[in-house]
Amino acid sequence: MTSSDPQESMPLEDYLAQGGKLTTPENAPPRYRGELLRLMATFVDSELAGAAGFADIVNQGPGIKERIAASRIVLEKLDHAERVLAVMGEFGADVSRYANHHPWTARIARDSDLGAARHGSDMRLAVLHYPLQDWLDAVVMNVLMGRAVTIQLDEFSRLSYQPLGDIFRAILPRERRHMELGEEGLRKLLQDKANRPAAAASIAYWRPRVAASFGAAASQHFDTQKKFGLRHTGNAELAAEWARQVDSLLGDIGLR
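Described in the following lines is the structure provided in the data block. Owing to the predicted nature of the structure, the values given are computational and were not obtained by experimental measurement. (Residues numbered from 1 in each chain as written. Predicted model: local features only at pLDDT ≥ 70, side-chain atom pairs only at ≥ 80, totals over all residues. Heavy atoms only, no water.)

**Let's talk about the overall build of the chain**
The helix and strand tally for the chain stands at 9 helices and 0 strands. The N-to-C order of helical and strand elements in the chain reads α-α-α-α-α-α-α-α-α. Taken over the C-alpha trace, the chain has a radius of gyration of 19 Å; the compact-globule value for 256 residues is 18 Å, and the two agree within 12%. Considering only C-alpha atoms, the chain reaches an extent of 65 × 40 × 30 Å along its principal axes. Counting only residues that meet the buried cut, the chain has 50% of its 256 residues in that class. Excluding contacts between residues fewer than 6 apart, the proportion of contacts in the chain whose partners are at least 24 apart in sequence is 70%. For the chain, the computed accessible surface area is about 12,000 Å², with 52% contributed by carbon and sulfur atoms. Positive and negative charge centroids in the chain, built from 31 and 33 side chains respectively, lie 5 Å apart. (Helix = DSSP H or I, 4+ residues; strand = E, 2+ residues; numbered from the N terminus. Rg over C-alpha atoms; globule rule 2.2 N^0.38 Å. Buried < 20%, exposed > 50% of the residue type's maximum accessible area, 1.4 Å probe, protein only. Contact = heavy atoms within 4.5 Å. Areas by Shrake-Rupley, 256 points an atom, 1.4 Å probe, with all protein chains shown as cover. Lys, Arg positive; Asp, Glu negative; His and termini not counted. Charge placed at Lys NZ, Arg CZ, Asp CG, Glu CD.)

**Observations concerning the environment of Lys 65**
Within the secondary structure, Lys 65 is located in helix α3 (residues 64–90). Overall, the relative accessible area of 64% leaves Lys 65 in the exposed class. In this structure the C-alpha to C-alpha distance between Lys 65 and Gly 185, which are 120 residues apart in sequence, comes to 9.8 Å.

**Points about the packing of helix α2 (residues 30–55) against α3**
At a minimum axis distance of 9 Å, the contact between α2 and α3 shows a crossing angle of 160°. When the axis of α2 is compared with that of α3, the two are roughly antiparallel. Here the hand of the crossing between α2 and α3 comes out left-handed. On α3, the residues that touch Leu 37, Met 40, Ala 41, Phe 43, Val 44, Glu 47, Leu 48, Gly 50, Ala 51, Phe 54 and Ala 55 of α2 are Ile 73, Val 74, Lys 77, Leu 78, His 80, Ala 81, Val 84, Leu 85, Val 87 and Met 88. In the contact of α2 with α3, the residues fall into 17 nonpolar, 2 polar and 2 charged. (Axes fitted to C-alpha atoms, helices over the stretch in contact; angles between N-to-C directions. Parallel < 35°, antiparallel > 145°, perpendicular 65-115°, else oblique. Left-handed = near helix turned anticlockwise from the far one by under 90°. Nonpolar A, V, L, I, M, F, W, Y, C, P; charged D, E, K, R; others polar.)

**Details of the environment of Phe 43**
Mapped onto the elements of the fold, Phe 43 is located in helix α2. Overall, Phe 43 belongs to the buried group, its relative accessible area being 8%. For the pair formed by Phe 43 and Met 123, sequence separation is 80 residues and the distance between their alpha carbons is 8.1 Å.

**Thoughts on the nonpolar core**
Ranked by internal contacts, the top residues of the largest apolar core, which has 74 residues, are Tyr 32, Val 84, Tyr 161, Leu 164 and Phe 168. Contributing elements (two or more residues each) for this core: α1 (12–17), α2, α3, α5 (135–156), α6 (162–190), α7 (196–211) and α9 (235–252). No other element matches the 14 residues that α5 contributes to this core. (Core = buried A, V, L, I, M, F, W, Y, C linked by side-chain atoms within 4.5 Å.)

Take a look at the structure:
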């Protein structure tokens, strides 16, 4: 069976649920297009908002190496957003206006609690509405969110729209490197024992907010995405894997 006519011998949902792939927008029925566009918009908006937040913190880096690392993260997140936005354009999104359509630097009060709820006019993950406090806080957030992003991208790299899955597979090693840069930076900061209380406080602040980015354990939205082959692993399972990795890291660096 080919993606040019997936319904030739079975219903489209069965074809996708069994690992079938689509390769062009023309083959995608309306509900599938809607779910795929939602997934892409969440990724693009999160990358743009994340890049905006790190751009504001670059000059707080304690040295040239750290500022270069933060600048690299900003550059590559914008590049990732552009790659996925190009696919959205093939589905009819207005890519020419997209980058300036929302206030990507906007943040809510530090003590707010959105949970996993959407906020404002864009589709960024709720965690990206909170402000970074200082350099150490930004590093901690990057470490925790970096682990979440790599887990989620590994999930997305297997989705049923092949051109997008190819992009996510290409992006994954770069996002993994962003995570590694954050962990290198955190280990360096923790060499100064005076930074440990602030790091622990930052972890306590960001951990529940990053955890919420995986979504509700029981999700009708996930069930729909799974039916279309856009997701395979449940939110609770992904969140548990993230928590396991974070616990292992924090134990290794003495902050658990």
